[in-house]
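Each chain is listed here by its residues.
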Amino acid sequence: MRTVSLPGGEQVPALGQGTWMMGERPDRRSDEIAALRLGVDLGMTLIDTAEMYGEGAAEELIGEALRDVRDTFFLVSKAYPQNASRARLRAACEASLRRLGTDRLDLYLLHWRGSVPLGETAEAMEALRTAGKIRHWGVSNLDTRDMEELFAAGGDGCAVDQILYNLTRRGPEHDLLPWLEARALPAMAYSPVEQGRLVADTTLRRIAEAIGATPAQVALAWTLRRSGMIAIPKAGTAAHVRENRAAVDLALSAEDMAALEAAFPPPRGRRPLEML
Ligand code: NAP
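The shown structure was predicted, so the numbers you read here are calculated from the model rather than taken from an experiment.

(A) Looking closely at the packing of aromatic side chains. Counted according to the given criterion, the structure contains four aromatic pairs. Centre to centre, the rings of Tyr80 and Trp112 are 6.2 Å apart; their planes meet at 85 degrees, and the pair counts as edge-to-face. One end of the pair, Tyr80, is in the loop between strand E4 (74–79) and helix H3 (89–100); the other, Trp112, is in the loop between strand E5 (105–110) and helix H4 (118–130), with 32 residues separating them in the sequence. Above the face of the Phe73 ring, Arg70 is positioned so that its terminal group lies 5.1 Å from the ring centre. In this structure, Arg225 packs its charged tip against the face of Trp222, placed 3.8 Å from the ring centre.

Laid out in structure tokens, this is it:
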């Protein structure tokens, strides 16, 4: 599995697994558990979740699925903005740890920006790191100006920004991705197959068919073309997990890349960061 460096040098897999909408349907539970376990076996050992997902249901599913192999994967969770304060972050983190059945998170993110000052969130995150509850911290859905504000407020210990990024959401290429790259901070692309919608795209289907791949694989390979980029597709079936894993090894030709550039043009100017 290809890896990406966190600040400080720790390596994490470039392709991980998302869990939004998992753990909410009893009829899908055993498939979801099998999918997560298979993904870890195949090297997709970064698992992304949040206290928000099913109000704890996704974290509980991960606990059930992977508690016995906890040392083999890198666990990411996120706090609601209203919990990202000096007074509340520790309790939110401990509740996530209980649901996940573990004693530490590898990475804890502010899910999106709310009314708590970014400097206060950074301080609360650093306190959790000192206490051994989390190993790294970062943010999600923060645009360039928010990142500048975070760093100016003492938040330069931030390890990653998790953002909406795929072929149809290329806005971050204008200034946010260059800002992160200049500081050697990885970006984590969420909804890399646009929640499944990219699978039906005609350009992707044509390219995929010509190279014996699937549209989801082409979309993932395109996202992973940038160094310093981690992608976290969510797959609830073993077939999708296997397909996504193989996308890491898919090399797109210059011709395929040109066709994708034409169908999904890069931003011409600054665009506000989009969110799902
Ligand atoms: P996504 O990963 O782009 O798409 C997930 C959908 O695509 C599911 O319906 C899945 O179906 C389908 N899919 C996956 N692999 C496929 C394949 N090979 N072929 C066809 N369909 C495939 O969207 P997402 O779940 O929104 O984003 C991924 C993760 O990012 C989330 O789960 C979550 O962990 C994180 N996220 C974070 C934020 C944030 O604000 N920080 C926001 C959104 C998402 P099956 O389930 O049937 O396999």
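(B) Here's a closer look at the pairing of E5. A large share of E5 lies buried, amounting to six of its six residues. Inspection of the sheet shows E4 paired to E5 by four bridges, in the parallel sense. Across the sheet, residue Ser77 finds its bridge partner in E5, namely Tyr108. Assessed by its sense of winding, the connection that carries the chain from E4 through H3 to E5 is right-handed. Once you follow E5 into H4 and on to strand E6 (residues 134–140), the crossover reads as right-handed.

(C) View of the pattern of salt bridges. Applying the stated criterion to the full structure yields 26 salt bridges. Residue Arg70 pairs with Asp106 through a salt bridge whose shortest N-O separation is 3.0 Å. Remark: Asp106 occurs in strand E5 and Arg70 occurs in the loop between helix H2 (57–66) and E4; sequence separation between them is 36 residues. Like Asp106, Arg70 is buried.

(D) The side chain of Glu59, seen in detail. By secondary structure assignment, the location of Glu59 is in helix H2. On the basis of relative accessible area, Glu59 is assigned to the buried category, the value being 0%. Polar side-chain contacts of Glu59 include one of 2.7 Å to the side chain of Arg99. Residues contacting Glu59, with those up to four places away along its chain left out, are Thr49, Ala50, Glu51, Ser77, Ser96, Arg99 and Leu100.

(E) Here's a closer look at the nonpolar core. Counting residues in hydrophobic clusters, the biggest one holds 86 residues, and the most contacted among them are Tyr108, Met147, Leu150 and Leu260. The biggest single contributor to this core is helix H8 (residues 215–223), with six residues. Beyond its immediate sequence surroundings of up to four residues, Tyr108 is in contact with Ser77, Lys78, Ala79, Leu89, Ala92, Cys93, Met125, Leu128, Ile134, His136, Trp137 and Gly138.

(F) Structural detail: the pairing of strand E7 (residues 161–164). Across the two faces of E7 the burial is the same, with Asp161 and Ile163 and Gln162 and Leu164 all buried. Alignment of E6 against E7, held across two bridges, turns out to be parallel. Counted as the bridge partner of Val139 is Asp161 from E7. Direction of pairing for E7 relative to strand E8 (residues 187–190): parallel, over a ladder of four bridges. Across the sheet, residue Ile163 finds its bridge partner in E8, namely Ala189. Assessed by its sense of winding, the connection that carries the chain from E7 through helix H6 (residues 176–182) to E8 is right-handed.

The rules behind the values
- Residues numbered from 1 in each chain as written.
- Predicted model: local features only at pLDDT ≥ 70, side-chain atom pairs only at ≥ 80, totals over all residues.
- Heavy atoms only, no water.
- Phe/Tyr/Trp six-rings, centres within 6.5 Å; stacked < 30°, edge-to-face > 60°.
- Helix = DSSP H or I, 4+ residues; strand = E, 2+ residues; numbered from the N terminus.
- Lys NZ or Arg CZ within 6 Å of the ring centre and 35° of its normal.
- Buried < 20%, exposed > 50% of the residue type's maximum accessible area, 1.4 Å probe, protein only.
- Pairing = 2+ DSSP bridges.
- Right-handed = clockwise from strand over helix to strand, strands pointing away.
- Salt bridge = Lys/Arg side-chain N within 4 Å of Asp/Glu carboxyl O.
- Polar contact = N/O pair within 3.5 Å; in protein donor to acceptor, adjacent residues only side chain to side chain.
- Contact = heavy atoms within 4.5 Å.
- Core = buried A, V, L, I, M, F, W, Y, C linked by side-chain atoms within 4.5 Å.

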